[in-house]
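Now for the letters of each chain:
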Amino acid sequence: MFTTGLFVCGSTSVLFGFLNLSPDGATFVGLCFAVRIAEATGAASFITASYAIIANEFPGRVATMFGLLETFTGLGATIGPPIGSLLYKAGGFILPFIVMGCLLLLTAAVSICGLPKQELGRRLDVFHMQPVRT
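Everything in this summary refers to the structure shown in the same document. (Residues numbered from 1 in each chain as written. Predicted model: local features only at pLDDT ≥ 70, side-chain atom pairs only at ≥ 80, totals over all residues. Heavy atoms only, no water.)

Attention now moves to the pattern of salt bridges. For the coordinates displayed, the defined rule picks out one salt bridge. Between Glu39 and Arg36 there is a salt bridge, with the nearest N and O atoms lying 2.5 Å from each other. Separated by three residues within a single helix, Glu39 and Arg36 lie in helix α2 (residues 26-57), roughly one turn from each other. (Salt bridge = Lys/Arg side-chain N within 4 Å of Asp/Glu carboxyl O. Helix = DSSP H or I, 4+ residues; strand = E, 2+ residues; numbered from the N terminus.)

Structural data, given as structure tokens:
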């Protein structure tokens, strides 16, 4: 689900950059909605799967890893718009979407090789995880 979500999100991001070339009117609006819905579905898939992967791979440090993930999410939300505006200024409407889409597709390819293989029958037992210290 993680890799598939990254692939869907990355390819629809690239596709969205080319929507300004589609015909005006209802076709344009329909394509915009369809592509964004597909992109949101892919993003929801890989974000949800990332939390499950973290909980499965770091059962004793779940809170720390979730905090780290949220830190980098906030960092991306902070520096993303300035980087996007620089890309827009350098290459127009299409460049930010192509760069982001290609980065997501690259991440999908790396995750195929880099993520640990899931063993059949191995499940995270949430009732026996170590408690989080407060």
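Note that Ser50 resides in helix α2. The exposure class of Ser50 is buried, given its relative accessible area of 14%. Ignoring any residue separated from it by four or fewer positions in sequence, one finds Ser50 in contact with Phe2 and Leu69. (Buried < 20%, exposed > 50% of the residue type's maximum accessible area, 1.4 Å probe, protein only. Contact = heavy atoms within 4.5 Å.)

With that settled, consider the packing of aromatic side chains. Enumeration over the complete set of coordinates arrives at four aromatic pairs. Centre to centre, the rings of Phe93 and Phe97 are 5.0 Å apart; their planes meet at 50°, and the pair counts as tilted. Linked through ring pairs, Phe16, Phe93 and Phe97 together constitute an aromatic cluster. When the ring centre of Phe16 is taken as origin, the NZ or CZ atom of Arg36, which lies over that ring, is 4.0 Å away. (Phe/Tyr/Trp six-rings, centres within 6.5 Å; stacked < 30°, edge-to-face > 60°. Lys NZ or Arg CZ within 6 Å of the ring centre and 35° of its normal.)

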